[in-house]
Amino acid sequence: MANSPSGDSVLDRLVRILDAFDAGTPSLTVSALARRANVPRASAYRLVEELLRHGLLAREGGEVRLGLRLWELANRASSTLDLKRVAMPFMEDVNQVVRQNTQLAVLHDDEVLVLERLSRPGSVVNQASVAGRMPVHLTSMGLALLAFSPAPVLEGYLERHGDRMRSSHPDLRRELAHIRQTGYASLEGFIDTDTTGVAVPVLDRRGHALAVLAVVVPRGSDLLRPAVMALRTAARGISRGLGEMPPG
């Protein structure tokens, strides 16, 4: 697409507009959207009209929000569809056993991307939300994904974010080695002081993480051990359902 006078392309601007929405700001005025996306206001109004016409944005009073067509397009991604379809029955089992919110996530663009979550009435605070992103270094999901990533993925991540990781995990490599040995990651009180996150990777036939299955339990409760057992069983079932046979 043609570049603007500032040098960025129309596609760059469209992506920044769509990326300006998050869980805390699901709808915005066009003026606010222009500021967040760093797009001139006149251009923002023109691009928003195009996105509205194609259903990628929708009007909500005097504001706009992401449109349902984005959800429709995203759900055509076959790899994600297969993973969610296979994982759902196992997630429901974990949800019934542990009686806490259960989520499925992957490592994407150096963050934890939550693909699915099953809620549970009376569960502890859980910051994960579907299509939401979470920092790798503050979540058991992120550590489990990182520990079971191929070596080039792990080393590349550490090269880009090693200082941030080491500030929270000063003995990071030993911690990741322990996660690989035990087969699960747990973090106490990193995001919410009263909770413990526990996560088990869904492995492929090479022993690398395809995804991660996780729950958040009350800190210091006796749910940690049964949660790990339930997650391990579910993760193995998901691997088999995807046609993967992880080692061991």
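The rules behind the values
- Residues numbered from 1 in each chain as written.
- Predicted model: local features only at pLDDT ≥ 70, side-chain atom pairs only at ≥ 80, totals over all residues.
- Heavy atoms only, no water.
- Domains from an automatic or database assignment.
- Buried < 20%, exposed > 50% of the residue type's maximum accessible area, 1.4 Å probe, protein only.
- Patch = residues over 30% accessible without salt bridge, like charges linked within 9 Å, V, L, I, M, F, W, Y side chains within 5 Å.
- Areas by Shrake-Rupley, 256 points an atom, 1.4 Å probe, with all protein chains shown as cover.
- Salt bridge = Lys/Arg side-chain N within 4 Å of Asp/Glu carboxyl O.
- Lys, Arg positive; Asp, Glu negative; His and termini not counted.
- Charge placed at Lys NZ, Arg CZ, Asp CG, Glu CD.
- Helix = DSSP H or I, 4+ residues; strand = E, 2+ residues; numbered from the N terminus.
- Arc of directions from axis to C-beta.
- Contact = heavy atoms within 4.5 Å.
- Axes fitted to C-alpha atoms, helices over the stretch in contact; angles between N-to-C directions.
- Parallel < 35°, antiparallel > 145°, perpendicular 65-115°, else oblique.
- Nonpolar A, V, L, I, M, F, W, Y, C, P; charged D, E, K, R; others polar.
- Pairing = 2+ DSSP bridges.

1. Some remarks on the domain arrangement of the protein
You can read the domains of the protein as domain 1 (10-74) and domain 2 (78-241). Between the C-alpha centres of domain 1 and domain 2 there is a distance of 31 Å.

2. A look at unusual backbone geometry
Phi at Asp 109 takes a positive value of approximately 55°, unusual for a residue other than glycine. According to the relative accessible area criterion, Asp 109 is exposed, its value standing at 56%. For Asp 110, which is not a glycine, the phi torsion comes out positive at approximately 65°.

3. Description of a positive patch on the surface
Together, Arg 225, Arg 232, Arg 236 and Arg 240 make up a region of like positive charge exposed at the surface. Relative to the assigned elements, Arg 232 resides in helix H9 (residues 224-241).

4. Side note on helix H8 (residues 172-182)
Residues of H8 that are buried: Leu 172, Leu 176 and Ile 179. The buried residues of H8 occupy an angular sector of 55° when the element is viewed end-on, so they sit on one face. Relative to its buried face, H8 has exposed residues pointing more than 90 degrees away, namely Arg 174 and Gln 181. The inward-facing, buried residues of H8 abut helix H6 (140-147), helix H7 (151-168) and strand E7 (185-188). Backbone geometry just downstream of H8 places Gly 183 in the positive-phi region, at approximately 90°.

5. Considerations on the side chain of His 137
With respect to the element layout, His 137 can be found in the loop between strand E6 (133-134) and H6. Residue classification places His 137 among the buried residues on the basis of a relative accessible area of 8%. Those residues in contact with His 137 that lie beyond four places of it in its chain are Tyr 157, Arg 164, Met 165, Ser 168, His 169, Leu 187 and Phe 190.

6. Thoughts on the environment of Phe 21
Its location among the elements puts Phe 21 in the loop between helix H1 (10-19) and strand E1 (27-28). With a relative accessible area of 8%, Phe 21 lands in the buried category. Remark: the alpha-carbon pair of Phe 21 and Arg 133, spanning 112 residues in sequence, is separated by 12 Å. Beyond its immediate stretch of four places on either side in the chain, Phe 21 contacts Pro 26, Ser 27, Leu 28, Leu 33, Leu 57, Val 64, Arg 65 and Leu 66.

7. Describing the packing of H1 against helix H3 (residues 41-53)
It is the contact of H1 with H3, at a shortest axis distance of 11 Å, that shows an interaxial angle of 75°. Classed by the angle they form, the pair H1 and H3 counts as roughly perpendicular. Of the residues in H3, those touching H1 at Val 10, Arg 13, Leu 14, Ile 17 and Leu 18 are Ser 43, Leu 47 and Leu 51. In the contact of H1 with H3, the residues fall into six nonpolar, one polar and one charged.

8. Observations regarding the sheet that holds E6
Spatial strand order, E6-E5-E4-E9-E8-E7: six strands in an open sheet with antiparallel pairing. If you trace the sheet from one side to the other, it starts and ends with E6 and E7, each paired once. Where strand E4 (residues 102-108) and strand E5 (residues 111-118) come together, seven bridges link them in antiparallel fashion. Bridged to Ala 105 within E5 is Val 114. Strands strand E8 (195-203) and strand E9 (209-218) of the sheet are contacted by H9, whose axis makes an angle of about 25° with E8.

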